[in-house]
Amino acid sequence: MASFDISQARARFPALKQDQVYLGNAGATYKTSKASIAAYANAYEGAAKFINASLSEVCSLRSGANQICLGVSTTQLLHNLPTALQSQPGDELVLSKLNHEADTAPWARIAERLGLKVKWWSATDPQNPVCDLDELQELLSEKTRLVACPHVSNVTGTITRVKEIATLVHRYPRALLCVDGVALAPHREVDVKDIGVDFYVFSWYKVYGPHIAQLYASSRIHDQISSLGHFFKGAETLDSKLNLASASYEATQSTPAVVEYLGANPTTTWDKIVSHEGGLQRIRLDFLNSEGRITVYGERSASTELRVPVVSFTVPGTRSQRVVVEVESRSSFGFRSGPMYSYRLVDEIIGLKDVEDGVVRISMLHYNTEEEIRGLVGVLKEVINSLPGESQ
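This structure is a prediction, so every number in the text was calculated from the model and none was measured.

Enquirer: I would appreciate a short explanation of the overall build of the protein chain in the present structure.
Expert: In terms of helices and strands, the protein chain carries 14 helices and 11 strands. Computed over its C-alpha atoms, the radius of gyration of the protein chain comes to 23 Å, within 12% of the 21 Å expected for a compact globule of 392 residues. Projecting the C-alpha coordinates of the protein chain onto the three principal axes gives extents of approximately 70 × 60 × 50 Å. Scored against the burial criterion, the 392 residues of the protein chain give a buried share of 50%. When contacts within the protein chain are restricted to residue pairs at least 6 apart in sequence, long-range pairs at least 24 apart make up 67% of them. Accessible surface, the protein chain as shown: approximately 18,500 Å² in total, 51% of it carbon and sulfur. The centroid of the 39 positive side-chain charges in the protein chain is displaced by 3 Å from the centroid of its 44 negative side-chain charges.

Enquirer: Is there a simple way to explain the packing of helix α12 (residues 320-330) against helix α14 (residues 370-386) in this structure?
Expert: Helix packing geometry: the angle between the two helix axes and the distance between the axes. Relative orientation of the contacting elements α12 and α14 amounts to 125°, with a least axis distance of 10 Å. By the angle between their directions, the pair α12 and α14 is classed as oblique. When the axes of α12 and α14 are compared, the crossing they make is right-handed. Here α12 contributes V323, E326, V327 and R330 to the contact with α14, which in turn contributes V379, L380, E382, V383 and S386. Classifying every residue of the contact of α12 with α14 gives 5 nonpolar, 1 polar and 3 charged.

Definitions and cut-offs
- Residues numbered from 1 in each chain as written.
- Predicted model: local features only at pLDDT ≥ 70, side-chain atom pairs only at ≥ 80, totals over all residues.
- Heavy atoms only, no water.
- Helix = DSSP H or I, 4+ residues; strand = E, 2+ residues; numbered from the N terminus.
- Rg over C-alpha atoms; globule rule 2.2 N^0.38 Å.
- Buried < 20%, exposed > 50% of the residue type's maximum accessible area, 1.4 Å probe, protein only.
- Contact = heavy atoms within 4.5 Å.
- Areas by Shrake-Rupley, 256 points an atom, 1.4 Å probe, with all protein chains shown as cover.
- Lys, Arg positive; Asp, Glu negative; His and termini not counted.
- Charge placed at Lys NZ, Arg CZ, Asp CG, Glu CD.
- Axes fitted to C-alpha atoms, helices over the stretch in contact; angles between N-to-C directions.
- Parallel < 35°, antiparallel > 145°, perpendicular 65-115°, else oblique.
- Left-handed = near helix turned anticlockwise from the far one by under 90°.
- Nonpolar A, V, L, I, M, F, W, Y, C, P; charged D, E, K, R; others polar.

As structure tokens, then:
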């Protein structure tokens, strides 16, 4: 039998060219761990800065309590949170039907398990559904434990008045607000202190980074969160309470680069991004609103105060997937159709007969150009004019 080629094996590990002899593989090697921990701490500092969480309280693995936790996905972090959040019999959870299912299913499951009551926060306008404060007021009570809603619907692109919702929710002593910021974070500066939320979650892979996610929890409520970690491990940080075995050390390294990308004055950069994206969505909405065969869902105005450049529509009589296929067959434009994981919104509020086929969603970002969007409009015109009526 051929002998093991140790030289070939060692050649594949560049770190072995150093003088250090690595004998700590079962728990990672000392020098590598030391460097990785320092980089991990820097990643958390960048992540905290991105949403204006307290840098003095960030999880640096060197000091006290923090306000953020990085994890594999928004869905996973939102499954961990309800399990760890303390509740009591009789508590009520108010869940928006505009939610991505990631911010609904975990709360509904914990409610069923613990005997909590779910109150559904619906919407009355199927074409422009919003998280209405008057409707929310009717659902709140002294028993309210948590309200969950999106900062922006990932279907309609309409911006929710989160700051006003937070003020309303906090009139009730034990009520907390959990906001899904996945659809807003790529398009707007987030300041968790200013909007006054208790929990805020978003995905870095929607914000120009890798497939990891981030959860913020206000430090004032950390004592209401139990640890999911081993009993002998410390629970001084949000990360140690909610993040089982830490986020990917490799993936987290991108967060400082995203913050750096926004420049020395992020607010100025965001203002420029918002203005540019506003121009893009105006081009697209001008066409969609003028086309009689198209039904637009969400705010029909291109105002950047009211929406982000995520726009969904249907062509009555034609399957949404067919629209996508026809555009892709004629051009290099790529986008999606379906319920977008907002099944309750598409089914119970918008009321589409074929929920799985769902809507056509076109979502732009600041790196898109006006030339690209005008080209898209041209192809959409061609496709819409070519489509015969088809049973949906």
